[in-house]
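The residues making up each chain are set out below.
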Amino acid sequence: MSKLLKNIFDFYINGSIHVALAVFAFVEITCDKFQLGIDNNVSWFAFFGTVVGYNFIKYDELARVKKVVWHTQLRLVIAVSFVSAIFCSYFFFQLIPVTQITAIGALLLTGFYALPILPKKTNFRNWSGVKIYLVALSWAIVTVLLPIFYSEILIGELIWIYFIQRFLIVFVLMLIFEIVDLSNDALSLQTIPQQIGVSQTKWLGYGLLLMCLILDLFNINDNNNIRFQLLRLLLIFTIAIFLFFASPNCSKYYTSFWVEAIPVFGWFLIL
């Protein structure tokens, strides 16, 4: 029974369902923050799009080097990705044009990360240190700009500040991933911990989290600000704790489950 539960849990993680739930949660937090009052088309598009995008990136390289072992779980992941692609397409066509264009832009970032930009040329994945910026930017676009554009409200200073804060938060979450993956990442990736060391990476993360809090000072006239300042303070404190305890010796579940659960934790606090 325990082996069955472990297999189900691993499928939940390896099938990118958990990370998709994190993206879904961030979209919902944005909708609540700006009281958008929109339907869930963007949230579900982001959820199913994340399943497809992450699984494509995750297994594309294995397929290229012909290291794919066609076990049962991988077949299930492919099946889930196929079904998710259908739902993602459905929700894509429920979006308004400006949101669709923005979604395509985020999709291109994902595609360029995994696929060669030009024939016989490298992809973004192999550009030293670029991964963390692409992931943070893609998450910020999908979880902030997509629901904002879909609601057709004007983008003002508060929204751009929120966009920067979301970028910084995701960036720090990615720093935790890079610390934990330090012993497994190829040196050619030139991740931030590889370049400056684990200790300095953590201090960089603390500094970026502090910057998120400082940016809240520009939201002082936002009527909905105090509630979200408290939420962000709690989330930043939680991220700082995970950053503090991050090390190359941590289990893979430290990041793939617990760190990726932080946005879901924030969403539950709002609910």
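Notes on the structure in this doc start here.

The rules we used
For every chain, the first residue of its written sequence is number 1, and the numbers climb from 1 along that sequence. Totals for whole chains, interfaces and linings use every residue, but because this is a predicted model, local features are given only for residues with pLDDT of at least 70 and side-chain atom pairs only at 80 or more, for both listing and counting. The side-chain numbers reported here are obtained from all heavy atoms of the structure, hydrogens and water having been left aside. Helix and strand assignments follow DSSP, with helices taken as H or I runs no shorter than four residues and strands as E runs no shorter than two, numbered in order from the N terminus. Think of it in three bands: residues with accessible area under 20% of the maximum for their type are buried, residues over 50% are exposed, and the middle band is partly exposed, with areas taken using a 1.4 Å probe on protein chains only. Only the protein chains shown count as cover for residues, and all accessible areas are computed by the Shrake-Rupley method using a 1.4 Å probe. By convention a nonpolar core is built from buried Ala, Val, Leu, Ile, Met, Phe, Trp, Tyr and Cys residues, the set being connected through side-chain atoms within 4.5 Å. Here a residue-residue contact requires only that any non-hydrogen atoms of the pair lie within 4.5 Å. Two rings from Phe, Tyr or Trp (for Trp, the six-membered ring) form a pair when their centres sit within 6.5 Å of each other. Planes less than 30 degrees apart are called stacked, planes more than 60 degrees apart edge-to-face, and all others tilted. A fitted line through C-alpha atoms represents every axis, and for helices the fit uses only the stretch in contact; the resulting angles, taken between N-to-C directions, go from 0 to 180 degrees. Throughout, the term roughly parallel applies to angles under 35 degrees, roughly antiparallel to angles over 145, roughly perpendicular to angles from 65 to 115, and oblique to all others. Take the far helix as the reference: if the near one is turned anticlockwise from it by less than a right angle, the crossing is left-handed, and if turned clockwise, right-handed. For this classification, the nonpolar set comprises Ala, Val, Leu, Ile, Met, Phe, Trp, Tyr, Cys and Pro, the charged set comprises Asp, Glu, Lys and Arg, and every other residue, Gly included, is treated as polar.

### Some words on the overall build of the chain
Tallying secondary structure elements over the chain gives 12 helices and zero strands in all. For the chain, the α and β elements follow one another from N to C terminus as α-α-α-α-α-α-α-α-α-α-α-α. Counting across all 271 residues of the chain, residues that qualify as buried make up 49%. Carbon together with sulfur atoms contributes 70% to the accessible area of the chain, which is approximately 14,200 Å² in total.

### A look at the nonpolar core
Core analysis: the biggest nonpolar cluster contains 75 residues, and Phe45, Trp139, Ile176, Ile239 and Tyr254 have the highest contact counts within it. With 16 residues, helix α7 (residues 157–180) is the single largest residue contributor to this core. Every residue in contact with Phe45, bar those within four places of it in the chain, is listed here: Cys88, Phe91, Phe92, Leu95, Ala103 and Leu146.

### Notes on the packing of aromatic side chains
Per the stated rule, a full pass over the model turns up 23 aromatic pairs. Pairing Phe34 with Tyr162 gives two aromatic rings, centres 5.2 Å apart and planes at 85 degrees, and the pair type is edge-to-face. Note that Phe34 is positioned in the loop between α2 (17–33) and α3 (41–64) and Tyr162 in helix α7, a separation of 128 residues in sequence. The same class applies to Phe34 and to Tyr162, which are both buried. Judged by centre distance (5.0 Å) and plane angle (90 degrees), the rings of Phe244 and Phe245 are edge-to-face. In terms of burial, Phe244 and Phe245 fall into one category: exposed.

### Let's talk about the side chain of Gln100
By secondary structure assignment, the location of Gln100 is in helix α5 (residues 97–114). Owing to a relative accessible area of 18%, Gln100 belongs among the buried residues under this scheme. Every residue in contact with Gln100, bar those within four places of it in the chain, is listed here: Phe92, Phe93 and Leu95.

### Re unusual backbone geometry
Glycine aside, negative phi is the norm for most residues, and most peptide bonds take the trans geometry. The phi torsion at Gln35 lies on the positive side, around 50 degrees, for a residue other than glycine. Position of Gln35 relative to the elements: it lies in the loop between α2 and α3. By relative accessible area, Gln35 is classed as exposed at 63%. The backbone of Glu152 sits at a positive phi, close to 60 degrees, despite the residue not being glycine. Take Glu152: its relative accessible area is 64%, and that puts it in the exposed class.

### Details of the packing of helix α1 (residues 2–14) against helix α4 (residues 72–92)
Between α1 and α4, the shortest axis-to-axis distance is 10 Å and the interhelical angle comes to 45 degrees. Between α1 and α4, the interaxial angle falls into the category oblique. Both α1 and α4 take part in a crossing whose hand is right-handed. Contact residues: α1 offers Asn7, Asp10, Phe11 and Asn14, while α4 offers Gln73, Leu76, Val77 and Val80. Of the residues in the contact of α1 with α4, the class split is four nonpolar, three polar and one charged.

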